[in-house]
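# Summary of the model geometry
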Amino acid sequence: MSLENFLYRLHFDTENARSSDLGVDWGDAPLTYKVYRGLPVIPLPEDVPLSLVDQTVSQEMSLPQLGAWLWYSYGLIQISHSLLTTTSADAESESFLPLVTNRRPVPSGGGLYPSELYVYLKLSSIPPGLYHYDVAHHRLVQLREGNFDHVLSRAMGGSCPVHACFGVAFISIYFWKNFFKYDEFSYRLQGLDAGVLLGQLQEMATQLDVTTAIHYQFLDRAMNTLLGLSADQESVYAVVPLSLQTEGERHSHSPALWTERGEETASELIREQPEQKHVHVIRSKRMRQYPALLQMNEAAMQESTYAFRRYSDQLESKWPRRRFEERILLPRLQKPRYDLAQYCRERFSPEMDFIRKKTDQNQVARIMEMTMSALSYGNDLGNNQEAAWGRLSLLVSIHQVEGIQDGAYAYEPQEHALYPIVYGDLRARLQDGMTLDNVNLYQVPLCFHVAGKRDHLINQLGFRGYRIQQMEAGIVVHRLLLAAFTCGMGGHPLLGFDVENCDDLYNLETEEKTCLIQIPIGHYRPRARFQTGLHG
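Below you will find a few notes about this structure. (Residues numbered from 1 in each chain as written. Predicted model: local features only at pLDDT ≥ 70, side-chain atom pairs only at ≥ 80, totals over all residues. Heavy atoms only, no water.)

### Digging into the sheet that holds strand β18 (residues 513–522)
Taking strand neighbours across the sheet as the criterion, the seven strands line up as β12-β15-β14-β13-β16-β18-β17 in an open arrangement whose pairing is antiparallel. At either end of the open sheet lies a strand with only one pairing partner, and these are β12 (328–329) and β17 (490–491). Where strand β13 (residues 392–398) meets strand β16 (residues 446–453), seven bridges bridge the pair, whose relative direction is antiparallel. Across the sheet, the residue bridging to L395 is H449, located in β16. The sheet strands contacting helix α11 (residues 361–372) are β12, β13, β14 (407–412), β15 (417–423), β16 and β18, and the helix crosses β13 at an angle near 160 degrees. (Pairing = 2+ DSSP bridges. Helix = DSSP H or I, 4+ residues; strand = E, 2+ residues; numbered from the N terminus. Contact = heavy atoms within 4.5 Å. Axes fitted to C-alpha atoms, helices over the stretch in contact; angles between N-to-C directions.)

### Quick notes on empty space enclosed by the protein
Per the counting criterion, the structure on display carries three cavities of 30 Å³ or more. Looking at the largest cavity, its volume works out to about 80 Å³. Elements supplying a minimum of two residues to the lining of the largest cavity: β13, α13 (427–432) and β16. Tallied by class, residues from the lining of the largest cavity come to eight nonpolar, two polar and two charged. (1 Å grid on protein atoms, 1.4 Å probe; cavity = no way out; pocket = protein on both sides within 12 Å on 5 of 7 lines; lining within 4 Å. Points joined across faces, edges and corners; volume = space filled by probe spheres on them. Nonpolar A, V, L, I, M, F, W, Y, C, P; charged D, E, K, R; others polar.)

### Some thoughts on the packing of aromatic side chains
Counted according to the given criterion, the structure contains 14 aromatic pairs. Residues Y74 and Y113 carry aromatic rings whose centres are separated by 5.9 Å and whose planes lie at 70 degrees to one another, so their mutual orientation is edge-to-face. Of this pair, Y74 sits in helix α2 (residues 63–74) while Y113 sits in the loop between β4 (94–103) and β5 (115–121), placing them 39 residues apart in sequence. The two residues Y74 and Y113 agree in class, both being buried. In textbook terms, an aromatic cluster arises when at least three aromatic residues are bridged by ring pairs, as seen for W26, F175, W176, F179, F180 and Y290. The residue whose ring lies beneath R104 is Y74, and the NZ or CZ to ring-centre distance is 4.4 Å. Across from the ring centre of Y237, 4.3 Å away, lies the NZ or CZ of R467, which sits over that ring. (Phe/Tyr/Trp six-rings, centres within 6.5 Å; stacked < 30°, edge-to-face > 60°. Buried < 20%, exposed > 50% of the residue type's maximum accessible area, 1.4 Å probe, protein only. Lys NZ or Arg CZ within 6 Å of the ring centre and 35° of its normal.)

### Description of α2
Look at α2: 16 Å from first C-alpha to last across 12 residues, which is about the 16 Å you get at 1.5 Å a residue. Extensive coverage of α2 is indicated by the burial of 11 of its 12 residues. All buried positions along α2 are accounted for by L63, Q65, L66, G67, A68, W69, L70, W71, Y72, S73 and Y74. (Expected span 1.5 Å × (residues − 1).)

### Topic: α11
Under the 1.5 Å per step criterion, the end-to-end length of α11 is 17 Å for 12 residues, consistent within 8% with the ideal 16 Å. Between the side-chain oxygen of the N-cap and the backbone nitrogen of N362 there are 3.1 Å, and the N-cap of α11 in question is D360. (Polar contact = N/O pair within 3.5 Å; in protein donor to acceptor, adjacent residues only side chain to side chain.)

### Topic: unusual backbone geometry
In this structure, H138 is a non-glycine residue whose phi angle is positive, near 45 degrees. For H138, the location among the structural elements is in the loop between β6 (129–134) and β7 (139–145). Residue H456 is not a glycine yet carries a positive backbone phi of 55 degrees. Residue class for H456 comes out buried when judged on its relative accessible area of 5%.

### With respect to the pairing of β13
Of all seven residues in β13, seven are buried; the element is thus mostly enclosed. Neither face of β13 is left uncovered, since the one carrying L392, L394, V396 and I398 and the one carrying S393, L395 and S397 both have all their residues buried. In the sheet, β13 pairs with β14 via four bridges, with the strands oriented antiparallel. When the sheet's bridge partners are listed, L395 is paired in β14 with A410.

### Focus: the sheet that holds β5
In any sheet, the strands associate via hydrogen bonds between backbone groups, in a parallel or an antiparallel arrangement. Reading across from one edge, β2-β7-β6-β5-β8-β10-β9 is the order of the seven strands in this open sheet, with antiparallel pairing throughout. In the strand order of this sheet, the two ends are held by β2 (41–43) and β9 (211–212), each with one partner. Bridge count between β5 and β6: four bridges; the pairing is antiparallel. Counted as the bridge partner of V119 is Y131 from β6.

Pasting the structure below:
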């Protein structure tokens, strides 16, 4: 199989990335969470705070704070009951099916949540070691007990002072959890899902005054072996060290400045760690093979720390900055105050629920600035914000926003300005490009597109670059939805759109970029449903 052709199908030929005769066996669907058996567990406090305002960590993260951080990052926070309308083949009758969903603080493609969350903790309240966050029971499951500072530091090439961290978070992908529905197209969704979760972890860390940095590069097989993951089922996608540091220390611990050391290999680290196998439940009895996903995962793996790379925008083709006859300088606004816990409880992905309502330039300005600020984060690609803004761009099609003419625009974050690309009402063009009629774009004032390098960063970062690009796009999508919430609006991330149509709309081919995801943003009506929280 050509990996390049596989990625092309995922992006430009999505219909062929899913088998046409695939029937989803919902009766044999996997659980949306992993449940271990026969391992020690540590229950987390159930009295999770209803507000995260002023919930900061001072000397050490307490067990209640740890529970709140995990719960608001990836826990089951609500149960929602609604009715799904179905229409008969002759369109003469319709019926209603009950739909029960367990809601989490972050969105996921199809609500399937392919990511799993693991943590390495060194706190006085629990034994030091490696744990899995058991979402179903809101507890920690101990995988290994002990201090693993040295192993983790070496697995990240010495680029992280793990000894100075109180913990490390790991985000993995369990391939089958959404492959069962989306087939090979699930590979694209998995990177985005992991990125949205990364965005939530960072936002929660900011709320608690915890310092984070995202590591996309590490010795994969060593990390997987340390956590006891089966290579043909699950693999770590990102590693996030957690520390409590003063403002002066934060700059000195930037991954871009950490010194790289001698070569380490996954094989060497694996030999030093006794292999552990754990029993877990995923519920499915009939699992199909997914060789393409395993081949992509294998191609993206890093066996040696000498394979680690910094991203340099100087190696990219340089295209002249867009020059238009006019631009719209957006107002600089104060950062909005919001309670992240309220966002987690109220987050909703509207479909046919969007309604027309007044939208103004200030709301657009806030959403734009807040969204792209998500890319000023610590990471091991190099903390050059301009390079990050070069990797990802924010584009928007606007309709009936006070102070802005209808049309398609590119956002310039340094200038905090919108540059027009084409004027006019673009709703029909965007609606025609939808592969499903599940969202009414005629009711939406803002339709955003996150664009990235057309080569998916493969030229610099190899096949690992594709999943890194998707994760960074997920981080931006997470912040975009949060920014929309602060303006009283909601959004629905979509991959069911005509990529080439949108690339042509924004004239992206000249910049060697492509649209990665589409997110309509607007006001919406509450959906008829019974919903209750799962607070203790």
